[in-house]
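# Remarks on the overall topology
Spelled out from the first residue to the last, the chains are:
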Amino acid sequence: MNKHKRTSIKIGTRMIGRDHPPFIIAEMSGNHNQSLERALEIVEAAASSGVNALKLQTYTADTMTLDLAEGEFFIEDPNSLWKGRSLYDLYQEAHTPWEWHKPIFDRCRKLGILCFSTPFDATSVDFLENLDVPCYKIASFENIDIPLIRKVARTGKPVIMSTGMATIAELDDAVTAARQAGCQDLILLKCTSSYPATPENTNILTIPHLKDLFDCEVGLSDHTMGVGVSVASIALGATVIEKHFTLDRADGGVDSVFSLEPHEMRSLVIECERAWQSLGQVSYGPTEKEKKSLAFRRSLYVAEDIKAGDMFTTKNIRAIRPGFGLSPKYLDVILGKRCNCDAKKGTPLSWDIIA
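This write-up is about the structure you can find in this document. (Residues numbered from 1 in each chain as written. Predicted model: local features only at pLDDT ≥ 70, side-chain atom pairs only at ≥ 80, totals over all residues. Heavy atoms only, no water.)

### Looking at helix 8 (residues 206-214)
Looking only at helix 8, the buried set comprises Ile207, Leu210, Lys211, Leu213 and Phe214. Looking straight down helix 8, one finds that the buried residues subtend no more than 170 degrees of arc, so they occupy a single side. (Buried < 20%, exposed > 50% of the residue type's maximum accessible area, 1.4 Å probe, protein only. Helix = DSSP H or I, 4+ residues; strand = E, 2+ residues; numbered from the N terminus. Arc of directions from axis to C-beta.)

The structure is reproduced here in structure tokens:
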């Protein structure tokens, strides 16, 4: 496998890596429902929710498939969200018109979030280069399209690649192609290419394995419902989270079922950052913040007045709070010994009063 020295990656002004808060991407996909006004509202809502970037998909129905409504070009799977649709019609509905890209990019810049896209063929890469995108995304279904990966890598921009369906051998082909074509900054996203995906099929334990295998930053492209899987992935080393985003699932749209609404995306941003903050480092013993709490541990105290010469018993000494006496671990050692002075109830036990 390829071995690259792993360092933080810079996309736009944002650093991505273990030492930086998670990079959160809101995926618009087809949730604009063929309305530029709605697309711009999605941008506004994404920025307000605290994400770092908005992602589009750049294709046309003709660059994706053939205009046929039969055989393998027609979706008959009864369990599919898109049953009864031809691939061509589905992509026609879901695609983001290319003339919308610039106003969407401009709105993102105005609101202080990054905007980039997933190209699906060489013409879309050329188009996006004219928009000065800060990075590129390779979709799971395209991670075997080596010519496309090489084309994207030759731009010299960071590449984020989803790993859905790919075997280790296929991923090695893709990563090798990207690096040989000049990609210096690569992020792989663990992804399950079912819509929606279930937590049981997400297998986020793959995240640290991917990181070690390809020596690169790794994140999660999450098609599950809710935020739990994304948050959990942060604990396993994910530094990038991608989630589909919509204004309101009730409005419908090709990806609405597994998309987050604005209040949910805000929760995702907050909880992923909390998960990242909690990682810290391997640590034992009291932290600086905990040191004041040491006073409230249990320790050995005189529980009733004792005279000099009295024997220590379970009645006159007890392990109680606060923690200014001897540790409770010495109780068995002290029982049966005698006190060398008068001691009032509430006196912390110390070695110098034990005969």
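Anyway, onward from the coordinates.
### So, the pattern of salt bridges
Tallying each qualifying case throughout the model produces 14 salt bridges. Glutamate 129 is the salt-bridge partner of lysine 157, the closest N and O atoms lying 3.0 Å from each other. On the criterion of sequence distance, the pair formed by lysine 157 in the loop between helix 6 (146-153) and strand 7 (159-162) and glutamate 129 in helix 5 (residues 122-129) is long-range, its members being 28 residues apart. By relative accessible area, lysine 157 is classed as buried at 16%. Two residues, aspartate 222 and lysine 243, come together in a salt bridge whose shortest N-O distance is 3.3 Å. In this pair, aspartate 222 sits in strand 9 (residues 217-222) while lysine 243 sits in strand 10 (residues 240-244), placing the two residues 21 residues apart along the sequence. Grouping residues by exposure puts aspartate 222 and lysine 243 together as buried. (Salt bridge = Lys/Arg side-chain N within 4 Å of Asp/Glu carboxyl O.)

### What to know about the pairing of strand 7
Side-chain alternation along strand 7 places Val159 and Met161 on one buried face and Ile160 and Ser162 on a second face that is also buried. As paired elements, strand 6 (residues 136-138) and strand 7 share three bridges and run parallel to each other. Each bridged residue has a counterpart across the sheet, and for tyrosine 136 the counterpart in strand 7 is valine 159. In terms of handedness, the path from strand 6 via helix 6 over to strand 7 forms a crossover that is right-handed. (Pairing = 2+ DSSP bridges. Right-handed = clockwise from strand over helix to strand, strands pointing away.)

Geometric descriptors of this kind do not, in isolation, establish any biological role.
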